[in-house]
Amino acid sequence: MKKKICLLSYDLRSGGAERVISQWSDLLKEDFEVYMTTFQNQVMYPYSGRYVCLNVDDDYSTPIHKVLNVIRRARALRKFVKSENIDIVLSFCNECNLANTISLHGAKKICSIRSASDLDTNFFVKYVIKSKQNDIIIQTEALKLQMLESYGSKLSNKLFVYGNPFNVDKIREMAKGSVPDSLKDVLENNRCLINVGSFKVAKNHANLLKSFELVAKEVDNAVLILVGANIGLGNQIMEMAQKSAYSDRIIFAGETKNPFALESRSAMFVFPSLAEGIPNALAEAMIVGLPVVSANCPTGPAELLSKTPFEINYNDSGYCESDYGILVKPFSAPSEPDYKDINEENNRFATPIIRALQDKNFYNTLVEKSKLGAERFDIEKYREGLVYIINHISYGK
């Protein structure tokens, strides 16, 4: 008889973590009875198994209400686990990890911390990490080292490193799909730089716009396409783009279930993030065949783009021609959404992009590097490893 596993996410609307947990539901369905569970009934990503929404209404009006949100989530989770005799609860990201940790249910507790930005200094995140009830799945070796430095070597027995799944065949098939009519001419007649990601502070869109200002000045047919739902800082970034000297060359494509069709017709993937786990969008761009330029932010990009992620050597311009793409020295901080202070960090990120768009040989080298890096992804081996880790954590198998 299959064990029952609850995969717990706040919602399935958008975001890299939400996409991964939806993929995990499909990968685990052969070995577990899967319950894809959310607190909010917002679903964009496909999933496998039985979908359950716990319908917990949140109120963020005061600090007390924020605490009550956590309690309500924990109680709803406990009631659900008991009613369905769930064996394992595997939660994603801070809100769900905290609910899983404090909920008085009897299932095995596994928390997944997705990026360095999740390692907040507040008490609740520390409680999740230090709780003796939890085992923790993280995405990168760099993140593991960071956690061991912060919380001590005793934590090593409960940390399990496992990255993200990538269905290479499916992504490449989707890349052949159609694109909106409004973008066909733009994609066919320009050198399009594309970024896929939600408009959160960590995605660093303001610095990307500043760097694009420098690129557009040097490359007449350079266009920037931003793909993602208009949430978070979306309106601020749009207002900033309208003030650009090249505003007609900045396109907000909105939310889409198939960014790969846009990517396959673009010239380059650009990724300025301040913090990541294993960035889905970066790996997926490599699978599509796009050359990539990424900030070497804490955890993620270096492990995707280099064979030696802890030994990145930058040239005098501040970037590294790594094994599978370009790694640029990380941005030091997010930027205000204006063009007042385009600085050396923006120039540093723009430099390899300009070079690639102007130097055909350099560009072609980056294309081949990206394709080579994508050869490392195998979905069946990934599935087997994921099942092994969950069984090992839960039952010592």
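As a starting point, this report considers the structure included with it. (Residues numbered from 1 in each chain as written. Predicted model: local features only at pLDDT ≥ 70, side-chain atom pairs only at ≥ 80, totals over all residues. Heavy atoms only, no water.)

1. As for the sheet that holds strand S12 (residues 292-295)
Part 1 of the argument: Reading across the sheet, the 7 strands line up as S10-S9-S8-S11-S12-S14-S13 and stay open at both edges, with mixed pairing between neighbours. The open sheet has two free edges, formed respectively by strand S10 (250-254) and strand S13 (319-321), since each of these has just one partner strand. Averaged over all pairs of adjacent strands, the angle between strand axes in this sheet comes to 20°, irrespective of strand direction.
Part 2 of the argument: Note that strand S9 (residues 222-227) and S10 share 4 bridges and pair parallel. (Pairing = 2+ DSSP bridges. Helix = DSSP H or I, 4+ residues; strand = E, 2+ residues; numbered from the N terminus. Axes fitted to C-alpha atoms, helices over the stretch in contact; angles between N-to-C directions.)

2. Focus on the pairing of strand S1 (residues 3-9)
Part 1 of the argument: Burial runs high along S1: 6 of the 7 residues are buried.
Part 2 of the argument: Relative to strand S2 (residues 32-38), S1 runs parallel, the two being bridged by 7 bridges. If you follow Lys 3 over to S2, its bridge partner there is Phe 32.
Part 3 of the argument: In the sheet, S1 pairs with strand S4 (residues 88-92) via 4 bridges, with the strands oriented parallel. Paired with Cys 6 across the strands is Val 89, a residue of S4. (Buried < 20%, exposed > 50% of the residue type's maximum accessible area, 1.4 Å probe, protein only.)

3. Examining the packing of helix H13 (residues 344-358) against helix H14 (residues 360-374)
Helix packing geometry: the angle between the two helix axes and the distance between the axes.
Part 1 of the argument: For the pair H13 and H14, interaxial distance at closest approach is 5 Å and the crossing angle is 105°. Between H13 and H14, the interaxial angle falls into the category roughly perpendicular. From H13, Pro 352, Arg 355, Ala 356 and Gln 358 reach across to H14, where they touch Lys 360, Phe 362, Tyr 363 and Leu 366.
Part 2 of the argument: Residues of the contact of H13 with H14, tallied by class, amount to 5 nonpolar, 1 polar and 2 charged. (Parallel < 35°, antiparallel > 145°, perpendicular 65-115°, else oblique. Contact = heavy atoms within 4.5 Å. Nonpolar A, V, L, I, M, F, W, Y, C, P; charged D, E, K, R; others polar.)

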